[in-house]
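Descriptive structure summary
Residue-level listing of the chains:
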Number of protein chains: 2
Amino acid sequence: MHTYHDCIPCFLKQALSAARLATSDPAVHEHVLRQVLIDTAAMSFDQPPPFMGQRIHQIIREATGSADPYNSVKKKYNQLGMSLYPDLKKTIGQSRNPLETAIRLSIAGNIIDLGAAESVDEAEVFSVIEQSLTQHLEGDIGAFQHAMAKAENILFLGDNAGEIVFDRLFIETLQQDHITYVVRGGPVINDATRSDAEFIGMTELVDVMDNGTDAPGTLLDQCSEPFKEAFYDADLVIAKGQGNFESLSDADQHIFFIFKVKCPVIAAHTGCPTGSMVIHEKH
Amino acid sequence: MHTYHDCIPCFLKQALSAARLATSDPAVHEHVLRQVLIDTAAMSFDQPPPFMGQRIHQIIREATGSADPYNSVKKKYNQLGMSLYPDLKKTIGQSRNPLETAIRLSIAGNIIDLGAAESVDEAEVFSVIEQSLTQHLEGDIGAFQHAMAKAENILFLGDNAGEIVFDRLFIETLQQDHITYVVRGGPVINDATRSDAEFIGMTELVDVMDNGTDAPGTLLDQCSEPFKEAFYDADLVIAKGQGNFESLSDADQHIFFIFKVKCPVIAAHTGCPTGSMVIHEKH
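Since the model is a prediction, treat every value here as computed from it, not as a measurement.

What counts, and at which threshold
Residues numbered from 1 in each chain as written. Chains lettered and ligands numbered in written order. Predicted model: local features only at pLDDT ≥ 70, side-chain atom pairs only at ≥ 80, totals over all residues. Helix = DSSP H or I, 4+ residues; strand = E, 2+ residues; numbered from the N terminus. Rg over C-alpha atoms; globule rule 2.2 N^0.38 Å. Buried ≥ 20, exposed ≤ 12 C-beta atoms within 10 Å, placed from the backbone. Contact = placed C-beta atoms within 7 Å. Expected span 1.5 Å × (residues − 1). Least-squares fit on C-alpha atoms with pLDDT ≥ 70 in both. Pairing = 2+ DSSP bridges. Axes fitted to C-alpha atoms, helices over the stretch in contact; angles between N-to-C directions. Nonpolar A, V, L, I, M, F, W, Y, C, P; charged D, E, K, R; others polar. Core = buried A, V, L, I, M, F, W, Y, C linked by C-beta atoms within 7 Å. Domains from an automatic or database assignment. Right-handed = clockwise from strand over helix to strand, strands pointing away. Parallel < 35°, antiparallel > 145°, perpendicular 65-115°, else oblique. Left-handed = near helix turned anticlockwise from the far one by under 90°.

So, the overall build of chain A
Each helix and strand in chain A was counted, giving 13 helices and seven strands. Relative to its length of 283 residues, chain A is compact, with a C-alpha radius of gyration of 18 Å against a globular reference of 19 Å. Once the C-alpha set of chain A is aligned to its principal axes, its extents read approximately 55 × 40 × 35 Å. Within the span of chain A, comprising 283 residues, buried residues form 49% of the whole. In chain A, once contacts between residues fewer than 6 apart in sequence are set aside, the share between residues at least 24 apart is 71%.

Section: helix α5 (residues 98-109) of chain B
Residues separated by three or four positions in an α-helix point in the same direction, a consequence of the helix having 3.6 residues per turn. Residue and element names in this part refer to chain B. In this model α5 runs 16 Å from its N-terminal to its C-terminal C-alpha over 12 residues, within 8% of the 16 Å that 1.5 Å per residue would give. Within α5, nine of the 12 residues are buried, which leaves it mostly tucked inside the rest of the structure. Those residues of α5 that sit buried are Thr101, Ala102, Ile103, Arg104, Leu105, Ser106, Ile107, Ala108 and Gly109.

Observations regarding the relation of the copies chain A and chain B
Here the two chain copies are tied together by a rotation about an axis and a shift along that axis. With an RMSD of 0.0 Å, the fit of chain A onto chain B corresponds to turning through 180° and sliding 0.0 Å along the axis. Taken together, the turn and the small shift mark the pair as related by a two-fold rotation axis. Most of the interface of chain A is mirrored in chain B, where 100% of its interface residues are also at the interface.

What to know about the sheet that holds strand β7 (residues 277-282) of chain A
Within a sheet, each strand pairs with its neighbour through backbone hydrogen bonds, oriented either parallel or antiparallel. Residue and element names in this part refer to chain A. Spatial strand order, β1-β7-β6-β5-β2-β3-β4: seven strands in an open sheet with mixed pairing. Looking at strand neighbours, the two that pair on one side only are β1 (137-139) and β4 (207-210), the edges of this open sheet. Averaged over all adjacent pairs, the angle separating strand axes in this sheet is 20°, with direction ignored. Here strand β2 (residues 154-157) pairs with strand β5 (residues 236-240) via four bridges, running parallel. Bridge pairing in β5 links leucine 155 to valine 237. Contacts from helix α5 (residues 98-109) reach β1, β6 (255-260) and β7 within the one sheet, and its direction differs from that of β6 by about 60°. Where helix α12 (residues 241-248) meets the sheet, it contacts β2, β5 and β6, and its direction lies at approximately 140° from that of β6.

Regarding helix α1 (residues 7-22) of chain A
Its 16 residues give α1(A) an end-to-end C-alpha distance of 22 Å, which sits within 8% of 22 Å, the value for a rise of 1.5 Å per residue. Those residues of α1(A) that sit buried are Cys7(A), Ile8(A), Pro9(A), Cys10(A), Phe11(A), Leu12(A), Gln14(A), Ala15(A), Leu16(A), Ala18(A), Ala19(A) and Ala22(A). Check the buried side of α1(A) and you find it contacts α2 (26-42), α3 (49-64) and α13 (264-270) of chain A together with α1 (7-22) and α2 (26-42) of chain B.

Observations regarding the interface of chain A and chain B
With 16 residues of chain A in contact, the opposing surface of chain B contributes 16 residues. Going through the elements one at a time, α1 and α2 of chain A are the ones with two or more residues in the side of chain A that touches chain B. The leading source of residues in the side of chain A that touches chain B is α2(A), at eight residues. By residue class, the composition of the side of chain A that touches chain B is nine nonpolar, three polar and four charged.

Describing the sheet that holds strand β2 (residues 154-157) of chain B
All names here are of chain B. Here we have seven strands laid out as an open sheet, ordered β1-β7-β6-β5-β2-β3-β4, and mixed in their pairing. On the outer flanks of this sheet lie β1 (137-139) and β4 (207-210), each paired with one strand and no other. Averaged over all pairs of adjacent strands, the angle between strand axes in this sheet comes to 20°, irrespective of strand direction. Bridging between β2 and strand β3 (residues 179-183) involves four bridges; their strand directions are parallel. Within β3, the position partnered with phenylalanine 156 by the bridge is tyrosine 181. Sheet strands in contact with helix α7 (residues 141-150) are β1, β5 (236-240), β6 (255-260) and β7 (277-282), and its direction is about 50° off that of β7.

Some words on the nonpolar core
A general trend in soluble globular proteins is that nonpolar side chains are found buried together. By size, the foremost hydrophobic cluster in this structure holds 166 residues, and its most contacted members are Ala15(A) and Ala15(B). Once residues lying within four places of it in the same chain are set aside, the contact partners of Ala15(A) are Val32(A), Leu33(A), Val36(A) and Ile56(A).

Quick word on the domain arrangement of chain A
Residue and element names in this part refer to chain A. Along its sequence, chain A is carved into domain 1 (7-64) and domain 2 (71-282). A straight line from the C-alpha centre of domain 1 to that of domain 2 covers 24 Å. With 13 residues of domain 1 at the interface, the matching set in domain 2 holds 15 residues. Elements with a contribution of two residues or more to the side of domain 1 that touches domain 2: α1 and α3. Classifying every residue of the side of domain 1 that touches domain 2 by side-chain character gives eight nonpolar, five polar and no charged.

Things to note about the environment of Pro98(A)
Residue and element names in this part refer to chain A. Note that proline 98 resides in helix α5. Remark: the alpha-carbon pair of proline 98 and threonine 173, spanning 75 residues in sequence, is separated by 7.0 Å. Ignoring sequence-local partners within four residues, the contact set of proline 98 consists of Ile92, Gly93 and Thr173.

Some remarks on the pairing of β2(A)
Of the two faces of β2(A), the one holding Ile154(A) and Phe156(A) and the one holding Leu155(A) and Leu157(A) are both buried throughout. You can see the chain leave β2(A), run along helix α8 (residues 163-174) of chain A and come back into strand β3 (residues 179-183) of chain A, and the turn it takes is right-handed.

Looking at the packing of helix α4 (residues 71-94) of chain B against helix α8 (residues 163-174) of chain B
Residues and elements named next belong to chain B. One way to put it is that α4 packs onto α8 with a least axis distance of 8 Å and a crossing angle of 30°. Here α4 lies roughly parallel to α8, going by the angle between them. As α4 packs across α8, the resulting crossing turns out to be right-handed. Across the interface between the two elements, Asn78, Gly81, Met82, Tyr85, Leu88, Lys89 and Ile92 of α4 pack against Val165, Phe166, Leu169 and Thr173 of α8.

As for the environment of Lys13(A)
Residues and elements named next belong to chain A. With respect to the element layout, lysine 13 can be found in helix α1. Overall, lysine 13 belongs to the partly exposed group, with 17 C-beta atoms counted inside 10 Å. With 20 residues separating them along the chain, lysine 13 and leucine 33 place their C-alpha atoms 9.0 Å apart.

Here it is as structure tokens:
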């Protein structure tokens, strides 16, 4: 997916809120804004939005001198996710259709995204979890179950810290032992990296690899060779979150995108209103 | 008032919606966005927001090759205002406090602002008029009436086309013959210029002058000498709209700013929530 004109004001908004989350120094906020203005003026709008998302967070890391300014925020959400784990596990186990419930909860976990929102509080997570169990799901779960039953080599592209706990529950429910879970290759906002996968026990459950880059999505051009090999060798890819959708919607693979629609641009692009829970198949 | 960091994303949003209002050509939209990105990166944030507002509309006029891309929109709102005039005149005449009602309606007219909103439909204007008659008014009308009674030389800085009809009703209610009404020196979005003042009959009511510039506010540095003379010679200045507030909040004059709070930045700056009706005195 290319960058829409409506993404441009949003880049600046995201840059400002991310800079404020990383530091309270207004001189840094101004520096980040000016650099993002310059870089956006020069970028190709043929690139998907995570291309500029990546650049924004490189600028913030350079300006703050911190390699991972959202480290403590990620820990907080991982801990929140782990504190919810036992109850969510029970909810799935007791439900009429455990796989559907696990998918719904995995989409609910996608609310923990500091790229789209300035902050996510616990009450909001609870409310989204509750709502996700009954909200209409855009897409065909039957097609997903059918594809899963046939696939022998599944790549699961994760999105954010905290959310990764919900993905763990999803993967546990799938009961597939041939899944590889993918995290970002380096810190970018609150996206999950290897340390998050270790912290929440994903590494004990399945193979975990990183994609070799620090974009808040999957920019194949920049990904490592081992990742690209795994990506194209997979029978089936599960991709969580808007960033993975934005960057892989034109990729040559069989992908199920699983995400919450978080902005009017994606709403218009997908035809699903903002707030929708989506499972979108792409051949 | 200086430009806040939160104004930066909004400049891009305004530029895009104004460009879309001026032309349906996406190549022009992209050109406008890129140029506004470049110019915003280089601007001094000590300037008030209308400084960039002015630049945005210069860029749009250059890119579209149209000296006044919103001409037809301004005509539409002037006609809407004139069609409402007889009923509004009656409402004021029959009210318990005609001056207060006229001020309230003049603030209601400030909703016709395409700088802050992408479009304003008739139903919205009707609803805002209705609401304005009873909504809480932030500020001291008594102080305004007191100052008006003493002033012998009043400068009234207008804001938008359409809204200028509401200002005419306000001025008629004031029954002062020493008022000069000021319009912008050149077209900028839907702000009122001399032709709007002529169309709605303001020129038959009071002296009308322009400020010599095409900013969506009053940037004194850029205004004509005759305007600056009139500005500093006035006993009292009435300034309509956010743009005039943003650009004159630090001016060395006795000003009553009369406006509707249209964005979170002004809400934080003034302490009045978005949507508030404000009459704010500055010495």
